[in-house]
Amino acid sequence: MLNFDAFDLKLDTDFIGRNFIYCDEIDSTNNYLMHTKIKNDQDGTVVFAERQLNGKGRKDRKWYSSKDLNLTFSILLKQGINDKNINIINLGTAVSIAMALENLYQLKINLKWPNDVLINDKKAAGILVESSSSGNKIDKLVIGVGLNVNQTSFQGTFNIPPTSVKLETGTEIDRERLLAEILNIFEEMLNRIEINPEDVLNDWRNRCRMIGERIYVTDGDLEISGIFDDIDEQGFIILKTDDKKRKKIHAGDVTLR
Ligand code: BTN
């Protein structure tokens, strides 16, 4: 069970995680924030679950995570969401996790577009961002994070082999400290996006080894290949295709092969 007092002592935010909803078991923390009417749903609310019965990944995949060992949580953002920033927040969340892991455990983190967090080419964390709008205004953004922390065995088949922070460091990880560090950096990152989004995108670029390489992007039945030239000002891929065109990629799975 997460020690709330130990977590709270390390939390140094103004609003992220100040309303903290702890669940032993839940369908999905993203579903909870997207679809449940909660009385206190202030900006920055964090819903944390020890176990999800229906943890969701990108592209309708499942997210499996063993009970009590990992960090599975979602952050609610409600105020001043500029839809141009949504994908930057997505990449910025991966950057926040990377920085927390670098600061606390001196790990070398690699980020894979759009938002996988890799250690030694294995996936330690994934992010699922969902939103709802009223009219043409985004009124709710839910950022779901699944980070493998103290889990050491994984069942199933995976696109990218999984790992955990414990497997990569060889030590039992203090989940409370890690969660607080991620949320502290995440709040700072939101402020940085307001002031200078390019700065956050550079932090992402610096941790992505695929830029400059030939990549294959699959989205459903479609596959396209080209050189990963850069990300644009909203964090979408600029792909240089073989007919020398520059194509924007907004969604899909990226591989090197
Ligand atoms: C992915 O890599 O495909 C994204 C995985 C996101 C998993 C997290 S766990 C907390 C939150 N609730 C969910 O149902 N999914 C996200």
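Scroll up a little and you will see the structure.
Nothing here was measured: the structure is a model prediction, and the numbers come from that model.

Draft legend 1. Up close: the site of the ligand. In the vicinity of the ligand, 20 residues are found, and the nearest of them are S28, Q52, K56, R58 and K123. A distance of 3.1 Å separates a nitrogen atom of the ligand from a polar side-chain atom of T29. Between the ligand and K56 there is a distance of 2.7 Å, counted from a nitrogen atom to a backbone nitrogen or oxygen. The fraction of the free accessible surface of the ligand (420 Å²) that becomes covered by protein chains is 98%. Taken together, the elements giving at least two residues each to the shell around the ligand come down to α2 (29–35), β3 (71–77), β6 (122–134) and β7 (137–147). For the shell around the ligand, the element with the highest residue contribution is β6, accounting for 4 residues. Along the lines of polarity and charge, the residues of the shell around the ligand split into 5 nonpolar, 11 polar and 4 charged.

Draft legend 2. Representation of the side chain of T163 in the model. The topology assignment puts T163 in the loop between β7 and α4 (165–169). Once you skip the residues sitting within four places of it in the chain, T163 turns out to touch I119, K122, K123, A124, N148, F154 and E168.

Draft legend 3. Examining the packing of aromatic side chains more closely. All told, the structure shown has 5 aromatic pairs when counted by the stated rule. Aromatic pair F4 and F20: ring centres 5.5 Å apart, planes at 45°, arrangement tilted. Separated by 16 residues along the polypeptide, F4 in helix α1 (residues 4–10) and F20 in strand β1 (residues 20–26) bring together distant segments of the chain. On the basis of relative accessibility, which here comes to 14%, the residue F20 falls in the buried class. Linked through ring pairs, F4, F7, F20, Y22 and F48 together constitute an aromatic cluster. Positioned above the aromatic ring of Y216, the side-chain terminus of R257 is 4.1 Å from the ring centre.

Draft legend 4. Just helix α3 (residues 86–105), in detail. Here α3 is 20 residues long and its end C-alpha atoms lie 29 Å apart, about the 28 Å a rise of 1.5 Å per residue gives. Summarising burial for α3: 18 of the 20 residues are buried, a large majority. Q106, located one to two residues past α3, shows a positive phi value of around 55°.

Reading the values: the criteria
Residue positions are given per chain, counted from 1 along the sequence in the order it is written. Totals for whole chains, interfaces and linings use all residues, but because this is a predicted model, local features are given only for residues with pLDDT of at least 70 and pairs of side-chain atoms are given and counted only at 80 or more. The side-chain values count all of the structure's non-hydrogen atoms but skip hydrogen atoms and water molecules. By convention in these notes, a residue is near a molecule or strand provided one of its non-hydrogen atoms lies within 4 Å of it. Here a polar contact means two N or O atoms within 3.5 Å. Within protein one must be a hydrogen donor candidate and the other an acceptor candidate, and residues neighboring in sequence count only if both atoms are side-chain atoms. We get accessible surface area from the Shrake-Rupley algorithm with a probe of 1.4 Å; when it comes to residues, only the shown protein chains can shield them. Labels follow the DSSP assignment, with helices taken as runs of H or I lasting at least four residues and strands as runs of E lasting at least two, numbered in each case from the N terminus. Three residue categories are used. Nonpolar comprises Ala, Val, Leu, Ile, Met, Phe, Trp, Tyr, Cys and Pro, charged comprises Asp, Glu, Lys and Arg, and polar comprises the others, including Gly. In this analysis, two residues are considered to be in contact whenever any of their non-hydrogen atoms come within 4.5 Å of each other. Side-chain rings of Phe, Tyr and Trp, where Trp is taken by its six-membered ring, are said to pair if the distance between their centres is within 6.5 Å; with planes under 30 degrees apart they count as stacked, over 60 as edge-to-face, and otherwise as tilted. Three labels apply to residues, based on accessible area from a 1.4 Å probe with only protein chains included: buried if under 20% of the type maximum, exposed if over 50%, partly exposed otherwise in between. In this scheme, the term charge over a ring applies when either NZ of a lysine or CZ of an arginine sits within 6 Å of the ring centre and within 35 degrees of the ring normal. Expected span of a helix, by definition, is 1.5 Å for each gap between consecutive residues, and there is one gap fewer than residues.

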